[in-house]
Amino acid sequence: MKINEVIRKYRKEKHMTQEEMANRLGVTAPAVNKWESGASSPDIALLAPIARLLDISLDELLSFKEELSDVEVSNVIKEIDEMFDKETIEVVFHQITDIIREYPNADTLILSLAAMLDARCLIQDNDGSKEYGEWIRKSYENLLSSKDEATRLRAADCLFGFFLRHEQYGNAEECLKFFSIQNPERKRKLATIYCETGRYNEAYKALEETLFSEYQIMSAAMHEIYMVAMKTEDYKKAGMIIEKESDLSELFEMGEYHRISGKLDFFVAMEDAEQVLDIMDLLLSHTDSLTDFAKSGLYEHMTFKETDSKFVEKISCNLFEQFCEDVSYKFVRESRRWNAFKEKWKSKIKQNGKA
């Protein structure tokens with residue numbers, strides 16, 4: 001409700017005439033009439049007396065709301081979206097500014113309205129908000145100090161895109177400080193700036209690092225799903241996840257050892273000695289592929305620490321000792337194939353050690 005509607009509503013609820021209200025406030029009846037018709041607004045010095053006379057708070061008089069519900073925000077956004085299809089951008093822009101004037105603290109709403117106007121200007125202008133760009137930019141910048149972290153991040157994202165479209169790469173890079181260092185979007189956006197400014201090697205490196213990091217995240221998430229499936233005895237799902245983990249490792253060129261290793265735990269849990277022995281054999285055969293990702297073309301602009309043959313030899317020894325001593329492999333050591341497997345790898349590891 002606007003202030004004129006509020007005055008009229010509460011005056012009538014108190015069964016007070018416009019003339020009576022005017023007398024009590026020391027103004028003329030025509031002045032009250034103009035307030036209620038919306039032709040003029042009360043002087044600021046009269047706001048508190050009017051509120052006291054009508055037995056309402058100043059917030060109620062001014063229809064101030066600190067927060068809007070999600071439903072109210074959605075309704076406003078829907079209304080503006082429909083206006084864009086019927087009215088000119090100029091008309092919609094005035095409506096947007098009127099709404100924001102009424103709800104200056106509704107950060108989520110302001111961000112949505114600014115982004116909608118930004119998108120419409122981009123579509124209709126092909127120039128990224130030429131006429132209203134300054135207002136859009138300032139709206140995004142103001143929201144960078146929002147109390148809500150999600151709003152700050154969205155505003156930074158929108159502002160990044162705005163500056164990028166306007167080829168203001170230095171300003172775009174400044175937006176990235178609002179993204180956590182752990183957020184892969186930060187590095188990906190930085191790579192976009194590198195690419196747009198002709199720094200292609202830096203773009204490659206940033207994107208390859210993002211790719212490598214995303215693999216680690218996805219692999220860890222899959223393993224957690226696998227663990228949940230095992231705890232709930234959903235072995236069909238666990239087996240499926242293990243296969244997906246293997247496919248993921250192959251897709252991201254992590255090397256044969258990583259592709260195989262996840263299966264070991266599953267078949268140990270299933271107490272499938274034959275499968276476990278096959279995987280043990282493969283793992284020991286491919287310990288030298290542990291860092292094969294460093295040789296992959298996917299990560300050719302990244303720098304990895306070099307590994308020597310002693311590292312591989314140590315991994316093989318430790319792995320073999322684990323297979324021979326760990327209690328979880330006891331059932332495997334009781335297999336008819338165990339002795340042949342043991343002698344084979346005992347001999348190979350000994351030869352490698354001498355070499």
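Below, the structure is looked at part by part. Note that the structure is predicted; figures quoted are calculated from it, not measured. (Residues numbered from 1 in each chain as written. Predicted model: local features only at pLDDT ≥ 70, side-chain atom pairs only at ≥ 80, totals over all residues. Heavy atoms only, no water.)

Focus: the overall build of the protein
A tally of regular secondary structure across the protein gives 19 helices and zero strands. Over its C-alpha atoms the protein spans a radius of gyration of 34 Å, topping by over 25% the 20 Å that the globule rule assigns to 355 residues. Taking the principal axes of the C-alpha coordinates as reference, the protein spans close to 110 × 50 × 35 Å. Considering the protein as a whole, with its 355 residues, one finds that 38% of them fall into the buried category. Intrachain contacts of the protein at a sequence separation of at least 6 include 57% that bridge at least 24 residues. Carbon and sulfur atoms provide 50% of the accessible area of the protein, an area that totals close to 21200 Å². The positive charge centre, built from 48 side chains, and the negative charge centre, built from 66, are 3 Å apart in the protein. (Helix = DSSP H or I, 4+ residues; strand = E, 2+ residues; numbered from the N terminus. Rg over C-alpha atoms; globule rule 2.2 N^0.38 Å. Buried < 20%, exposed > 50% of the residue type's maximum accessible area, 1.4 Å probe, protein only. Contact = heavy atoms within 4.5 Å. Areas by Shrake-Rupley, 256 points an atom, 1.4 Å probe, with all protein chains shown as cover. Lys, Arg positive; Asp, Glu negative; His and termini not counted. Charge placed at Lys NZ, Arg CZ, Asp CG, Glu CD.)

Digging into the packing of helix α6 (residues 70–86) against helix α7 (residues 89–102)
Contact pair α6 / α7: the axes reach a minimum separation of 9 Å and the direction vectors enclose 165°. Considering their axes alone, α6 and α7 lie roughly antiparallel with respect to each other. Regarding α6 and α7, the two cross each other, and that crossing is right-handed. Seen from α6, the contacting residues are Val-76, Glu-79, Ile-80, Met-83 and Phe-84; seen from α7, they are Ile-89, Val-91, Val-92, Gln-95, Ile-96 and Ile-99. Broken down by class, the residue content of the contact of α6 with α7 amounts to nine nonpolar, one polar and one charged. (Axes fitted to C-alpha atoms, helices over the stretch in contact; angles between N-to-C directions. Parallel < 35°, antiparallel > 145°, perpendicular 65-115°, else oblique. Left-handed = near helix turned anticlockwise from the far one by under 90°. Nonpolar A, V, L, I, M, F, W, Y, C, P; charged D, E, K, R; others polar.)

Let's talk about the pattern of salt bridges
Applying the stated criterion across every chain, the model contains 25 salt bridges. The residue Lys-189 makes a salt bridge to Glu-185 at a minimum N-O spacing of 3.9 Å. Of this pair, Lys-189 and Glu-185 both sit in helix α12 (residues 184–196), separated by four residues, roughly a single helical turn. What makes Glu-185 partly exposed here is its relative accessible area of 30%. (Salt bridge = Lys/Arg side-chain N within 4 Å of Asp/Glu carboxyl O.)

Things to note about the state of the cysteines
A complete count under the given rule lists zero disulfides for this structure. As a non-bridged cysteine, Cys-121 has Cys-158 as the owner of its nearest cysteine sulfur, 14 Å distant. Here Cys-324 is not cross-linked by a disulfide; its sulfur's nearest cysteine counterpart is in Cys-317, at 11 Å. (Disulfide = S-S within 2.5 Å.)

Some remarks on the nonpolar core
Counting 45 residues, the largest nonpolar core has Ile-80, Phe-84, Ile-96, Leu-109, Leu-113, Leu-117 and Tyr-140 as the members making the most contacts within it. Of all the secondary structure elements, the ones that give two or more residues to this core are α6, α7, α8 (107–125), α9 (133–143), α10 (149–165), α11 (169–175), α12 and α13 (200–231). Looking at which element gives the most residues to this core, the answer is α8, with eight residues. Not counting chain neighbours up to four residues away, the residues in contact with Phe-84 comprise Ile-89, Val-92, Ile-96, Met-116, Leu-117 and Arg-120. Counting residues in hydrophobic clusters, the runner-up holds 30 residues, among them Tyr-226, Met-280, Leu-319 and Phe-320. (Core = buried A, V, L, I, M, F, W, Y, C linked by side-chain atoms within 4.5 Å.)

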